[in-house]
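# Chain and residue survey
Take a look at the letters that make up each chain.
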Amino acid sequence: MNILLVEDERRIADFVCEGLAARDMRVEHVDNGHAGLERATRGTFDVIVLDIMLPGRDGLSVLADLRKNGNATPVILLTARNELGDRLRGLDLGADDYLAKPFYVEELAARIHALVRRDHQSALQVGDIRLDRVRREALCHGQAIELTTREFNLLEYLMRSAGEVFTRSQILEHVWGYDFDPSTNVVDVCVKRIRAKMEDLPGVDKGNSPIEAVRGSGYRFRAAP
């Protein structure tokens, strides 16, 4: 497994490189944003571990350029605990996960393995809805649904466990971030937007969304019959 680490703090970089190498991962380390973007663009990596605060150019601009240029390599952001706004923006830009400093290398390794397992399943289909994780495309009855990054991530989260009910807090934690205000209604608003975009497609039954509200609980994606 090939990992690119973009981190300018030598102490963190050393313990991450050592810890991942002990788990049979090959780690290439660069210490600034310009070098990180160049290596991520020209190299082949299974996962990119990307610090937000970097010299040269920050991690969010590196991430934005990667996604803009069609690079779908899974990205884990490294953040400080008080950088909630940056974490949310990172998820909007297409980050797959984040880890707040300080962290245990064991948790980072587990998240890397989880992303690689998930990434090996590039296509996900339940009923008439199909997601292409590499191209970040969603199809309903073969027709493209124009989704934002957050909408795509929410739909993917529900579809991965079709039939299972997720609370709003669980959805917030996995799609928006661990520290997001649980009293917000952003989940409901996002679900409403996804439903509306599906129903606007020709031939799609109105009011028959595969995303079902479960009274007093949350949401689930209807399992295929």
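The structure reproduced in this document is the subject of the present report. Computed from a predicted model, the values in this text were never measured in an experiment.

## Considerations on the overall build of the protein
Each helix and strand counted, the protein has eight helices and twelve strands in total. Against the globule reference of 17 Å for 225 residues, the protein gives a C-alpha radius of gyration of 18 Å, in line with a compact fold. Over its C-alpha atoms, taken along the principal directions, the protein stretches across nearly 55 × 35 × 30 Å. Expressed as a percentage of contacts within the protein between residues at least 6 apart in sequence, the contacts between residues at least 24 apart total 58%.

## A closer look at the pairing of strand E4 (residues 75–80)
Here E4 lies mainly inside the structure; five of its six residues are buried. By the bridge criterion, four bridges tie strand E3 (residues 47–51) to E4 in an arrangement that is parallel. Its bridge partner lying in E4, Asp-51 is registered against Leu-78. For the crossover that starts at E3, traverses helix H3 (residues 59–68) and ends in the parallel E4, the hand is right-handed. Here E4 runs beside strand E5 (residues 97–101); their pairing, made up of five bridges, is parallel. The residue of E5 that forms the bridge with Thr-79 is Ala-100.

## Points about the packing of aromatic side chains
Counted by the stated rule, this structure contains two aromatic pairs. For the pair Phe-15 and Phe-103, a centre-to-centre distance of 5.6 Å together with 40° between the ring planes defines the contact as tilted. Of this pair, Phe-15 sits in helix H1 (residues 10–21) while Phe-103 is found in the loop between E5 and helix H5 (105–119), placing the two residues 88 residues apart along the sequence. Phe-15 gets classed as partly exposed once you look at its relative accessible area, which sits at 28%. By relative accessible area, Phe-103 is classed as buried at 10%.

## A short note on the sheet that holds E5
In spatial order, the strands read E2-E1-E3-E4-E5; together these five strands make up an open sheet with parallel pairing. Two strands in the sheet have a free side with no partner beyond their single neighbour: strand E2 (26–30) and E5. Taking each pair of neighbouring strands and ignoring which way they run, the sheet shows an average axis angle of 20°. Contacts from H3 reach E3 and E4 within the one sheet, and its direction differs from that of E3 by about 145°.

## Some words on the sheet that holds strand E10 (residues 166–167)
Strand order in the open sheet formed by three strands is E10-E12-E11, and the pairing between neighbours is antiparallel. Each edge of the open sheet carries a strand with a single partner, namely E10 and strand E11 (211–214). On top of the sheet, helix H6 (residues 149–160) reaches E10, E11 and strand E12 (218–221); it is set at about 70° to E12, its chief contact. With respect to the sheet, helix H8 (residues 186–199) is in contact with E11 and E12, its orientation differing from that of E11 by roughly 145°.

## A look at the pairing of strand E7 (residues 129–132)
By the bridge criterion, four bridges tie strand E6 (residues 123–126) to E7 in an arrangement that is antiparallel. From the neighbouring strand, Gln-125 faces E7, where its bridge partner is Arg-130. Hairpin connection between E6 and E7: a loop of two residues separates the two successive antiparallel strands, and Gly-127 in this loop has a positive phi of roughly 60°. Of the strand pairs in this sheet, E7 and strand E8 (residues 137–140) are connected by four bridges, and their pairing is antiparallel. Note that in E8 the partner of Leu-131 across the bridge is Ala-138. Hairpin remark: E7 followed by E8, antiparallel, with four residues in the connecting loop; positive phi at Arg-136, about 55°.

Conventions and cut-offs
- Residues numbered from 1 in each chain as written.
- Predicted model: local features only at pLDDT ≥ 70, side-chain atom pairs only at ≥ 80, totals over all residues.
- Heavy atoms only, no water.
- Helix = DSSP H or I, 4+ residues; strand = E, 2+ residues; numbered from the N terminus.
- Rg over C-alpha atoms; globule rule 2.2 N^0.38 Å.
- Contact = heavy atoms within 4.5 Å.
- Buried < 20%, exposed > 50% of the residue type's maximum accessible area, 1.4 Å probe, protein only.
- Pairing = 2+ DSSP bridges.
- Right-handed = clockwise from strand over helix to strand, strands pointing away.
- Phe/Tyr/Trp six-rings, centres within 6.5 Å; stacked < 30°, edge-to-face > 60°.
- Axes fitted to C-alpha atoms, helices over the stretch in contact; angles between N-to-C directions.

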